[in-house]
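Observations on the three-dimensional arrangement
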Protein chains: 2
Amino acid sequence: MLRLTKKADYGLMALKYLAEHPDSVSVSAKDIADTYGIPAQLLAKVLQRLTKVGLLRSHAGMNGGYELSREARTISAFEVIHAIDGPLFITSCTKGSKSCDLEPNCTIKEPLARVNDSIAGVLKSISIHDMADYELPSGRGAEPHPLVSLTRT
Amino acid sequence: MLRLTKKADYGLMALKYLAEHPDSVSVSAKDIADTYGIPAQLLAKVLQRLTKVGLLRSHAGMNGGYELSREARTISAFEVIHAIDGPLFITSCTKGSKSCDLEPNCTIKEPLARVNDSIAGVLKSISIHDMADYELPSGRGAEPHPLVSLTRT
DNA sequence: TTGAACTGCGACAAAATCAGTCCTATACTG
DNA sequence: CAGTATAGGACTGATTTTGTCGCAGTTCAA
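Residues numbered from 1 in each chain as written. Chains lettered and ligands numbered in written order. Predicted model: local features only at pLDDT ≥ 70, side-chain atom pairs only at ≥ 80, totals over all residues. Heavy atoms only, no water.

Here we take up the environment of A40 of chain B. In this fold, A40 of chain B is placed in helix 3 (residues 40-53). On a C-alpha basis, the gap between A40 of chain B and K30 of chain B in space is 5.4 Å, while along the polypeptide they are 10 residues apart. (Helix = DSSP H or I, 4+ residues; strand = E, 2+ residues; numbered from the N terminus.)

Following this line, the structure appears as structure tokens:
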């Protein structure tokens, strides 16, 4: 449980790909989809959403495609996930709205809101660059990720 | 996104309830279900699973019901969620198994495994007692939760 | 100026997961 | 034995996720 949707996965993979190919001016959804073997049309939609939110810039037409609108280092995993999967709520009942119709008190959501924030914090602390940099076999860039090095049992 | 299932919510609520009623020797699923207005049979199943896993002790028959098998302080939210919703994987493709059929490399899961661990850590750091203690209107027990006080923006 | 290669959307279909119900069996109490 | 519980399997309906189709608009280049 507690999974990201595949769309979010796809989105992260695509952004990572873009971060790893800064040379290419713009990459088409199909290129990325083919690279990873994921449904092109679905990925296209994901990228469209990311564009709409401003994380990507697109341009149509031949040799069109997408490019990061900001540096990979400044784009957090949280932003991507939020754009694709919507707001992050660990509990089934969200706090503000009327959604929690459980009788007197859905006594669980208050404490879990903290957990929620913690998770969001972790996600915010990871940038696309961090993810891309991660497994570059080459030398430099192997610096650890201080923000993520929590609680490894 | 990134939601717990309702079953997990129900389970947490029920454990919290049990933690708040240590006086009662054992509480029936129906009692709890009625208190929170959740489907009794569904909650029953959740409690059965928690019993199977050893977090609860049950006893059938009149005035039967459930009780915590350990102190609330020693039961983590993680255990409950894991028992009900299964293992915690943030990525759609889990690392060890053959599940990631995305062509060459599902390049995303490695970095996200860290995030996964962080989240698990947060969940492990919260006990049922923490959750129960949380909103007791009475005086004592208002001590903060150092383990959870991460990254509140 | 035509066509190929793109993005941008909306609607829809298929599949998977979740939530909830029903029914039966079993255990314990009095 | 009657009544109240847990235990658990089977099944249905709702919801969400995943993926497809079709069409319109854009850009480029021959």
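Looking now at the protein's contact with DNA strand C. Around DNA strand C lies a shell of 24 residues, among which A29, K45, S58 and Y66 of chain A together with K6 of chain B are the nearest. Take the atoms of DNA strand C that sit within 4 Å of the protein: sugar and phosphate atoms are 56% of them. G61 of chain A is positioned such that a nitrogen or oxygen atom in its backbone is 3.3 Å from a sugar or linking oxygen of DNA strand C. At a separation of 3.0 Å, a phosphate oxygen of DNA strand C approaches a polar side-chain atom of Y10 of chain B. Within the residue set of the surface near DNA strand C, elements represented by two or more residues are helix 3 (40-53), strand 1 (56-59) and strand 2 (65-68) of chain A together with helix 1 (6-20) and helix 3 of chain B. The class makeup of the residues in the surface near DNA strand C is 10 nonpolar, 10 polar and 4 charged. (Near = heavy atom within 4 Å. Polar contact = N/O pair within 3.5 Å; in protein donor to acceptor, adjacent residues only side chain to side chain. Nonpolar A, V, L, I, M, F, W, Y, C, P; charged D, E, K, R; others polar.)

The subject of this paragraph is the protein's contact with DNA strand D. Around DNA strand D sit 23 residues, and of these K6 of chain A together with A29, K45, S58 and Y66 of chain B come closest. In DNA strand D, the atoms that sit within 4 Å of the protein are 59% sugar and phosphate, with bases accounting for the remainder. A distance of 3.2 Å separates a base oxygen of DNA strand D from a polar backbone atom of G61 of chain A. The contact in question runs from a base oxygen of DNA strand D to an N or O atom on the backbone of M62 of chain A, over 3.1 Å. Looking at the surface near DNA strand D, the elements that each hand over two or more residues are helix 1 (6-20) and helix 3 of chain A together with helix 3 and strand 2 (65-68) of chain B.

Our next topic: helix 1 of chain A. Residues and elements named next belong to chain A. Taking 1.5 Å as the rise per residue, helix 1 with 15 residues should run 21 Å; its terminal C-alpha atoms sit 21 Å apart, in good agreement. Counting buried residues along helix 1, 11 of its 15 residues qualify, which places the element largely inside the surrounding structure. Turning to helix 1, its buried residues are A8, D9, Y10, G11, L12, M13, A14, L15, K16, Y17 and L18. (Expected span 1.5 Å × (residues − 1). Buried < 20%, exposed > 50% of the residue type's maximum accessible area, 1.4 Å probe, protein only.)

The next point concerns the side chain of S26 of chain B. Residues and elements named next belong to chain B. The topology assignment puts S26 in the loop between helix 1 and helix 2 (29-36). For S26, a relative accessible area of 16% gives the class buried. Within the local environment of S26, its side chain forms a polar contact with the backbone nitrogen of G65, the two atoms lying 3.2 Å apart. Filtering out sequence-adjacent residues up to four positions away, S26 remains in contact with H59, N63, G64, G65 and Y66. (Contact = heavy atoms within 4.5 Å.)

Residue and element names in this part refer to chain A. Of the residues in chain A, 76% reach a pLDDT of 70 or more, and the chain-wide mean stands at 82. Low pLDDT (under 50) marks residues 95-99, which in the prediction has 5 contacts with non-local residues, meaning those over four places away or in another chain. For residues 136-153, every residue scores under 50 in pLDDT, and the model assigns this stretch 20 contacts once sequence neighbours within four places are set aside. (pLDDT = per-residue confidence, 0-100.)

Once that is clear, we can look at the packing of helix 4 (residues 77-85) of chain A against helix 5 (residues 109-124) of chain A. In the contact formed by helix 4 of chain A and helix 5 of chain A, the axes pass within 6 Å of each other and the chain directions differ by 115°. Residues A77, F78 and I81 of chain A of helix 4 of chain A lie in contact with helix 5 of chain A, whose contacting residues are A120, L123 and K124 of chain A. (Axes fitted to C-alpha atoms, helices over the stretch in contact; angles between N-to-C directions.)

The next point concerns the nonpolar core. Counting residues in hydrophobic clusters, the biggest one holds 90 residues, and the most contacted among them are L12 and L50 of chain A together with L12 and L50 of chain B. Those residues in contact with L50 of chain B that lie beyond four places of it in its chain are G11, L15, L55, L56, V80, A83 and I84 of chain B. (Core = buried A, V, L, I, M, F, W, Y, C linked by side-chain atoms within 4.5 Å.)

Right, let's talk about the pairing of strand 1 (residues 56-59) of chain B for a bit. A regular strand places its side chains so that they alternate between the two faces of the sheet. All names here are of chain B. Direction of pairing for strand 1 relative to strand 2: antiparallel, over a ladder of 4 bridges. Within the sheet, the bridge partner assigned to H59 lies in strand 2 and is G65. Count of turn residues in the strand 1/strand 2 antiparallel hairpin: 5 residues, of which G61 carries a positive phi of about 85°. (Pairing = 2+ DSSP bridges.)

Residue and element names in this part refer to chain A. Taken as a whole and judged by the stated rule, the model has 2 aromatic pairs over all chains. Residues Y17 and Y36 carry aromatic rings whose centres are separated by 5.9 Å and whose planes lie at 80° to one another, so their mutual orientation is edge-to-face. Residue Y17 is found in helix 1, and its partner Y36 is found in helix 2 (residues 29-36); the two are separated by 19 residues along the sequence. Of the two residues, Y17 and Y36, both sit in the buried class. Across from the ring centre of F78, 4.7 Å away, lies the NZ or CZ of K124, which sits over that ring. (Phe/Tyr/Trp six-rings, centres within 6.5 Å; stacked < 30°, edge-to-face > 60°. Lys NZ or Arg CZ within 6 Å of the ring centre and 35° of its normal.)

Here we come to the environment of L50 of chain B. For L50 of chain B, the location among the structural elements is in helix 3. Along the backbone, L50 of chain B and L15 of chain B are 35 residues apart, and their C-alpha atoms lie at a distance of 9.5 Å.

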